[in-house]
Amino acid sequence: MSGSVDAAAATTETSPFGDKNLEAVTTPIQVAVTGTIPAWVNGVLYRTGLGTFNIPKPDGTRFQFKHPFDGLSLLHRFEIHGTTGTEDGHGEGAYVIYSSRHTAHGVKKRIIKNDSTLVFFGPDPCRTIFSRIQSIYHQFHDIGAGVSRHRMETDAEGENINVTITPNFPLPARLEDEWGVRRGMGLVVKTDANMLQVVDEESLEPRKVFTYEQLGGEGLGERFAAAHGEGDGGTGEYFNFTMTPFPRPTWQVFSIRTNSEGEVVTRKFDPVSANLAHQPSPPILGFFGNPRNLLPPPALKTSYIHSFWLTEHYVVLPLWSYYFTYSSLSVLYHGNAYEALHFDPKLPTLFQVLERQSGRHVATYEAESAFAFHTCNAWEEEDEETRERVVVLDGCVYPDAGIVDASFDFGRMYGSDRDVAGGEEEGVDQGKVRPALYTNSKRKIGRREGDEDVPSPEVRRYRLVNVPYEGRAEHLECERDWRCTYESLGWDLDLPRFDPRRKGKPYRYLYGTCRNIHIANHVGASGVILNGIQKLNLDTRIAKKWMEPNSSCSEPVFIPRPGSEEEDDGVVLTMVNAVGEGGEERCELVVLDARRWEKIGSACLGGWHAKSVHGSFVDANGVGVSVT
């Protein structure tokens, strides 16, 4: 095994947007560690990522992805062996075995064949009205003919699934045997759709694409789901939802778990299709109650939900003010999610509360308009005076959807003034494809020209008071005020992680990405997003940040020290892309001491950059420790 990946492992093919294709490292390599990794850090870090951004076609042209989120999936595997020799891990011999694999070759083939049913996140400025209508026709035809289901059955790489990765996923024993998965060791990649991909825990080779319905969940075949599910380690349950936009937008929350016989047990909750805070009054109170309750409740919007909350007794879905227009039919028309989504500043955020014990949809709380990709921790408290339940919800929240516009520059280390390899790409009009120049009749698409500011998330703590529960039906009186407020705990933190042992409990420390303050002197020019990472003390509201010049960090993953009771006694793992003074690229795995908040070790993977999204860490036995 070599000491690092050769720079030649990455191709020099660069899209007009500055995104490079990256070759996979399918044969594992051993990478030496500079510094140290504690002896107790032994396990595997899995990370999702994006690896292919432009695809050569037989006619000599190239297909270019317009948004980084659309890059074809490239999974990363870091087998970490901590330092041996001393108890505190300051001996010799720490190393990392690294490998990666592309997992969407079937999508690449579909692109080469001009498959018009492909739906992306980013827009296509050259898409004509005819091609839009043609796409809608083919979408409905494929649904009716079962083409997508057939593709799932026959091609384990026919869909681009690249957001979150979950170890120990509850799969029925019969499917584990069929797909070649060890008992309880299902490694599953997910996205914001009802499509999941199980991959081999060692080689990362895709085994199967499937839906929640195929696990035995009848009625869970709808197309939308959350990329971030929620797990309860105590009960062994995994929670998520599917969403149908017709005839009324409805969310079907469910949980799955495996029993002692290796079968998956599915439990479905009440469908969520209404704002309970706006339900009509009972007839006897109809005239004298709140006048707004005399009107029929409006249908919910098809809100984009990337993540949600789970507590001991509740599931809470956030219906943000950012939604798919025309009940999501606009996705088929535009062929992408970005142009189909709309933020309404007058639309309140709704927190839909479902009780776990009864499965009932018990309440809807309203808050001011907002949007968030990522929720944080959540737990329950009891009001000392009234003895009522209070649900506390933490999230990385934006006042609008500007971060989605800024996401066109996700993971890019170079601005628009950097020359791309080969200059003008054949068949591509640079004036049309640069993200800041996307336009349509309704709004400007992508980051606003001259706008160097990237929207900063606010760490908000919402409190849902007097939450109904089984046996307290009187709490559902329509006259009560269902509004909720929040307090601000910090700024500029997203991709949040915390000590997994504090899940569902009050906690002190939150880790996440933040803006790199060295961006003004970045050698890769301006107009890019560079990230550092930060540790936020939620009690004191004091943040400690770590970053280096000309570098950008990925989501930090906190690993607690086994046996320790201290919340920040552990390490944080992050992937870092860096640019040297001479323009040379470097990608490395960086290890920080979470308590001292300083870098203690790193492993250089090679002379290239890798776009990574989310990650999960398992111990040496393959059991999840820190899971997204």
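Everything that follows concerns the structure shown earlier in this document.
Student: Break down the sheet that holds strand S39 (residues 611–619) for me, with residues and values.
Tutor: An order of S1-S7-S6-S3-S39-S40 is seen for the six strands of this open sheet, with the pairing classed as antiparallel. Two strands close off the open sheet at either side, each with one partner strand: strand S1 (29–32) and strand S40 (624–626). Mean inter-strand twist for the sheet, computed between neighbouring axes without regard to direction, equals 30°. Relative to strand S7 (residues 95–102), strand S6 (residues 72–81) runs antiparallel, the two being bridged by eight bridges. Bridge assignment links His-81 to a residue of S7, and that residue is Tyr-95.

Student: So what's going on with the environment of Thr-540? Which residues, and what values?
Tutor: Counting through the fold element by element, Thr-540 comes out in the loop between strand S32 (531–537) and strand S33 (542–546). Judged by relative accessible area, Thr-540 falls into the partly exposed class, the value being 44%. The sequence separation of Thr-540 and Gly-490 amounts to 50 residues, and the corresponding C-alpha distance is 9.9 Å.

Student: Help me get a handle on the side chain of Glu-567, residues and values and all.
Tutor: Residue position: Glu-567 is located in the loop between strand S35 (557–560) and strand S36 (570–579). Here Glu-567 occupies a buried position and makes no salt bridge, while the nearest side chain of opposite charge, Arg-502, is found at 4.3 Å. For Glu-567, the side chain forms a polar contact with the main-chain nitrogen of Tyr-509, separated by 2.9 Å. Excluding residues within four positions of it along the chain, Glu-567 makes contact with Asp-499, Arg-501, Arg-502, Tyr-507, Arg-508, Tyr-509, Tyr-511 and Phe-558.

Student: Just give me the short version of the packing of aromatic side chains, but keep the residues and values in it.
Tutor: Aromatic ring pairs are reported here in terms of the distance separating the ring centres and the angle at which the planes meet. Going through the model one piece at a time under the given rule, you end up with 30 aromatic pairs. Consider the rings of Phe-63 and Phe-120, whose centres lie 5.7 Å apart with planes at 40°: the pair is tilted. With Phe-63 in strand S5 (residues 62–64) and Phe-120 in the loop between helix H1 (105–112) and helix H2 (129–145), the pair connects residues that are 57 residues apart, well separated along the chain. Taking the centre distance of 5.3 Å and the plane angle of 40° together, the rings of Phe-224 and Phe-324 count as tilted. Here the residue Phe-224 occupies a position in strand S12 (residues 224–225), and Phe-324 occupies one in strand S20 (residues 322–324), the gap between them amounting to 100 residues.

Student: Describe the nonpolar core, and please don't skip the residues or the numbers.
Tutor: If you look at the biggest cluster of nonpolar residues, it comprises 60 residues, and the most contacted ones within it are Phe-351 and Leu-464. Among the elements that take part in this core, strand S19 (residues 314–319) stands out by supplying five residues, more than any other. With near-sequence residues (within four places) excluded, Leu-464 lies in contact with Val-316, Phe-351, Val-353, Tyr-365, Arg-389, Val-390, Val-391, Leu-393 and Cys-484. Formed by 29 residues, the second largest nonpolar core is a distinct cluster that contains Leu-22, Ile-29, Leu-573 and Trp-608.

Student: Can you lay out H1 for me, pointing to particular residues and giving the numbers?
Tutor: Of the residues making up H1, those classed as buried are Gly-106, Val-107, Arg-110 and Ile-111. All buried residues of H1 project into a common sector of 145° when viewed along the axis, lining one side. The elements touched by buried residues of H1 are strand S4 (54–56), S5, S6 and helix H3 (147–154).

Student: Which residues make up the pattern of salt bridges, and what are the values?
Tutor: Using the criterion set out here, one finds 33 salt bridges in the structure. Residue Glu-153 is joined to Lys-208 by a salt bridge in which the shortest nitrogen-to-oxygen separation is 3.4 Å. Here Glu-153 is found in helix H3, whereas its partner Lys-208 is found in strand S11 (residues 206–210), with 55 residues between them in sequence. The exposure class of Glu-153 is partly exposed, given its relative accessible area of 43%. Judged by relative accessible area, which is 9%, Lys-208 ranks as buried. One salt bridge in this structure joins Asp-177 and Arg-183, with 2.8 Å as the shortest N-O distance.

Student: Could you give an account of the pairing of S32, naming the residues involved and the relevant values?
Tutor: Among the seven residues that make up S32, seven are buried, leaving the element largely enclosed by the rest of the structure. Judged by which residues are buried, S32 turns out to be covered on both faces: Asn-531, Ile-533, Lys-535 and Asn-537 on one side and Gly-532, Gln-534 and Leu-536 on the other are all buried. Across five bridges, the pairing between S32 and S33 is antiparallel. Of the residues in S33, the one forming a bridge with Ile-533 is Trp-546.

Student: An account of the side chain of Asn-377 is requested, with residue identities and associated values reported.
Tutor: Residue placement: Asn-377 occurs in strand S24 (residues 371–382). A polar contact is formed between the side chain of Asn-377 and the backbone nitrogen of Gly-504, at a distance of 3.0 Å. Those residues within four positions of Asn-377 in sequence are excluded, and the remaining contacts are Trp-309, Val-392, Leu-393, Asp-394, Phe-498, Arg-502, Lys-503, Gly-504, Lys-505 and Tyr-507.

Student: How would you explain the sheet that holds S11 if you had to name every residue and give the values?
Tutor: Spatial ordering of the open sheet is given by S8-S9-S10-S11, a layout of four strands whose pairing is antiparallel. Each of the sheet's edge strands pairs with one partner strand only, and the pair in question is strand S8 (164–166) and S11. Between one strand axis and the next, the sheet turns by 25° as a mean value, whatever way the strands run. Sheet analysis places strand S10 (residues 193–199) next to S11, joined by four bridges and oriented antiparallel. Bridging across to S11, Leu-196 finds its partner in Phe-210. In the packing of H3 onto the sheet, contacts are made with S10 and S11, and the angle to S11 comes to roughly 155°.

About the thresholds
- Residues numbered from 1 in each chain as written.
- Predicted model: local features only at pLDDT ≥ 70, side-chain atom pairs only at ≥ 80, totals over all residues.
- Heavy atoms only, no water.
- Pairing = 2+ DSSP bridges.
- Helix = DSSP H or I, 4+ residues; strand = E, 2+ residues; numbered from the N terminus.
- Axes fitted to C-alpha atoms, helices over the stretch in contact; angles between N-to-C directions.
- Buried < 20%, exposed > 50% of the residue type's maximum accessible area, 1.4 Å probe, protein only.
- Lys, Arg positive; Asp, Glu negative; His and termini not counted.
- Salt bridge = Lys/Arg side-chain N within 4 Å of Asp/Glu carboxyl O.
- Polar contact = N/O pair within 3.5 Å; in protein donor to acceptor, adjacent residues only side chain to side chain.
- Contact = heavy atoms within 4.5 Å.
- Phe/Tyr/Trp six-rings, centres within 6.5 Å; stacked < 30°, edge-to-face > 60°.
- Core = buried A, V, L, I, M, F, W, Y, C linked by side-chain atoms within 4.5 Å.
- Arc of directions from axis to C-beta.

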